[in-house]
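Below, each chain spelled out in residue letters.
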Amino acid sequence: MSRYRLYPTPVQAAGLLAQCGHARYVWNLALEQWSMWRHDKGPAPSSVEQARQLTEARAAFGWLSGGSQTVQQQALRDFDQARRSYYAGSHRRPKWRKAGRNEGFRIVGPQAGRVEQVSRTWARVLVPKVGWVRFRVSRALPDARSYRVTHDSVGRWHIAFAATRDPIPAPGNGEIVGVDRGVTVSAALSTGELLTCRGLSESEQRRLGNLQRRLARAQPGSNRRRRVKAAIAKLHARAADRRKDWVEKTSTDLARRFDMIRVENLRVAQMTKRPKPKPDPAKPGSYLPNRRRAKAGLNRGILASGWSLLVRRLEDKAAGRVQKINPAYTSQTCSRCGHCAPGNRENQAFRCQSCGHSDHADVNAAINIAAGRAVTARRDKPVRMSVKREPQLTTSA
Ligand SMILES: [Zn+2]
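Remember, it's a predicted structure, so these values are computed and weren't measured experimentally.

Right, let's talk about the overall build of the protein for a bit. Helix and strand counts for the protein stand at 10 helices and 18 strands. Looking at the 397 residues of the protein, the share that counts as buried comes to 27%. Contacts in the protein between residues at least 24 apart in sequence constitute 64% of all its contacts with a sequence separation of at least 6.

Have a look at this one:
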C-alpha cells in the first residue's frame, strides 16, 4: 500500500466528498439489508441482486445517478468482501459508515490505471466524474490495480494504491521467525528482539483524556465543541500514522530477513471483545475484577489494530511464507523443555518450574510460535511433536 497526499481544488474536493457520500450511502444500505435479513425470510440478497437494486436506485434517485456508477458498485463489492471476511472469522462485523469519519471510496480495475506523472514531485489521477486530481509523489508510483481515496477527520485527502501485492523475495537462508503479540511490547520475536509500536505518549494520552472530558461538557452544536472534536481527531490521526509507519517498516524487515514467518493466529474480534463479568462466589450480586479496564485502555486498542494490520501486510509482502499458529498455551509452555504449566509465568518473566529456564515471557512465546509447537491442552506433560503430523497450521495463500 502506498499512500500519497491528494490535493484537490475546492471544486474537486466537493466532487470527491459527494462520491464519498454515495459510497457511504450504498454501503450502509447494503449493511441495513444484511442486518435485517432473517433465516426464515429466504436467502439474503446476493451481490448480483444488490447490483440490480443499485441500478434501480440510481434510476429513482437523481443525486445517486449524478455520481459514478463505478464508485457505487465498488462500495457494494467492498461490503460483500467485508461480509465474507466476517464469516471467515478474519475481520470484525462490518460497521456503519459515518459522515465525516469513514469517508472514502475505491476504484478498481482499468480505471485505477489512469495515473500520470506530471513532474518530479507531482502526479495526477483521473477520478471518475471529478477529473484530474493532483497528488504529491513522495515515493515511486506503484503499478496498482486499485486505489482508495480517503478524507480523514482532520480534513486531509489521501490516495492509497494497493500495489498488485508487492511480495519481497525470500532471503533463502532457511531461517524461521516466530512473532508474538506482546502485552507490554507490540511484538516479540523468537530472536529475542522486542519491537515497540509507538502509540500516543503519556502526555498525549493525558491531553486526549482532557479533551474528551471537555467534549462531554461542550454545548452540542457549539464552535467550542467543533474545535475540541477537531483536536481529538488530530491526536487519533497521529496515532494511526505512527501505527501504519511501524507496520510497513516491520513487515518489510521481517519479509527480508526470514524465509518463514510464524505468527499467532489471533482473532481480532475475540481480542477486543468486552470481557465477561465474573461473579464473586463469596458475595452474591458483586463482581470480581475482570480486567475490563485494562482491555479498554486506549493504547491497547491501537496496538490490537496494529497487530492485525501487521499480519495482513506480512501476508502481502511475504506471500506464501506466513503461517498462523494456534496460540493456545504458547505463553505457559517452556520453549526449552516443553513443560506446560500456568505457574511458569509471572507477569513479564517466564521461569520454567521444571528446568529453570527463564526468559522474557513474550520472547519465550515467540520461540514456541517459531517452533510451530502443537501445544496440547494436557498440562504437565512435555509436548511431543509427531514427525508425521504437522502442528495445526493454516498457511496463508
Ligand atoms: Zn523448561
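The subject of this paragraph is the packing of helix 5 (residues 202–217) against helix 6 (residues 223–257). Running from amino to carboxyl end, helix 5 crosses helix 6 at an angle of 155°, the nearest separation of the two axes being 10 Å. The angle between helix 5 and helix 6 places the two elements in the roughly antiparallel class. In this structure, the crossing between helix 5 and helix 6 has a hand that is left-handed. The segment helix 5 lies against helix 6, with Glu 204, Arg 207, Leu 208, Leu 211, Gln 212, Arg 214 and Leu 215 engaging Arg 225, Val 228, Lys 229, Ala 231, Ile 232 and Leu 235. A breakdown of the residues in the contact of helix 5 with helix 6 according to their chemical character gives seven nonpolar, one polar and five charged.

Every α-helix carries 3.6 residues per turn, so stepping three or four residues along brings you back to the same face. For helix 10 (residues 361–370), a buried count of 10 out of 10 residues is recorded, marking the element as mostly surrounded by other parts of the structure. Turning to helix 10, its buried residues are Ala 361, Asp 362, Val 363, Asn 364, Ala 365, Ala 366, Ile 367, Asn 368, Ile 369 and Ala 370. Looking one or two places after helix 10, you find Gly 372, whose phi comes out positive at around 60°.

Attention now goes to the environment of Asp 152. As for its position among the elements, Asp 152 is in the loop between strand 6 (144–151) and strand 7 (157–163). Judged by the 19 C-beta atoms lying within 10 Å of it, Asp 152 is partly exposed.

What follows is about the confidence of the model for the protein. On average, residues of the protein score 80 in pLDDT, and 81% of them are at 70 or above. Low pLDDT, under 50, characterises residues 374–397; the stretch is placed with 38 contacts to residues that sit more than four places away or in other chains.

If you look at the biggest cluster of nonpolar residues, it comprises 30 residues, and the most contacted ones within it are Val 177, Val 179, Ile 261, Val 263, Leu 314, Ala 366 and Ile 369. Elements with a contribution of two residues or more to this core: strand 8 (176–180), strand 9 (187–189), helix 6, strand 11 (260–264), helix 9 (298–317), strand 14 (322–325) and helix 10. Top element by residues in this core is helix 10. It accounts for seven residues. Beyond its immediate stretch of four places on either side in the chain, Leu 314 contacts Ser 251, Leu 254, Ala 255, Ile 261, Val 263 and Val 322. Core analysis: the next-biggest nonpolar cluster, separate from the first, contains 25 residues, Val 26, Leu 54, Val 149 and Phe 161 among them.

What the three strands build is an open sheet, ordered 15-16-17; its pairing is antiparallel. The strands lining the two open edges of the sheet, one partner per strand, are strand 15 (345–346) and strand 17 (358–360). Here strand 16 (residues 349–351) pairs with strand 17 via three bridges, running antiparallel. Among the inter-strand pairings, Arg 351 is bridged to a residue of strand 17, identified as Ser 358.

Take unusual backbone geometry next. Here the phi dihedral of Lys 129 falls at roughly 70°; this positive angle occurs in a residue that is not glycine. Turning to its location among the elements, Lys 129 is positioned in the loop between strand 4 (122–127) and strand 5 (131–136). Despite not being glycine, Tyr 329 has its phi angle at roughly 65°, a positive value. Its place among the elements puts Tyr 329 in the loop between strand 14 and strand 15. Residue Tyr 329 is classed as buried on the basis of its C-beta count, with 21 C-beta atoms lying within 10 Å.

Next up on the list: the packing of helix 1 (residues 10–36) against helix 4 (residues 69–88). Where helix 1 meets helix 4, the closest approach of the two axes is 8 Å, and the angle between their N-to-C directions is 40°. Taken together, the axes of helix 1 and helix 4 lie oblique to each other. Where helix 1 crosses over helix 4, the handedness of that crossing is right-handed. Taken together, the residues of helix 4 that come into contact with helix 1 (itself represented by Gln 19, His 22, Ala 23, Val 26, Trp 27, Ala 30, Leu 31 and Trp 34) are Val 71, Gln 72, Ala 75, Leu 76, Phe 79 and Arg 83. Taken together, the residues that form the contact of helix 1 with helix 4 break down as 10 nonpolar, three polar and one charged.

Reading guide: rules and limits
- Residues numbered from 1 in each chain as written.
- Predicted model: local features only at pLDDT ≥ 70, side-chain atom pairs only at ≥ 80, totals over all residues.
- Helix = DSSP H or I, 4+ residues; strand = E, 2+ residues; numbered from the N terminus.
- Buried ≥ 20, exposed ≤ 12 C-beta atoms within 10 Å, placed from the backbone.
- Contact = placed C-beta atoms within 7 Å.
- Axes fitted to C-alpha atoms, helices over the stretch in contact; angles between N-to-C directions.
- Parallel < 35°, antiparallel > 145°, perpendicular 65-115°, else oblique.
- Left-handed = near helix turned anticlockwise from the far one by under 90°.
- Nonpolar A, V, L, I, M, F, W, Y, C, P; charged D, E, K, R; others polar.
- pLDDT = per-residue confidence, 0-100.
- Core = buried A, V, L, I, M, F, W, Y, C linked by C-beta atoms within 7 Å.
- Pairing = 2+ DSSP bridges.

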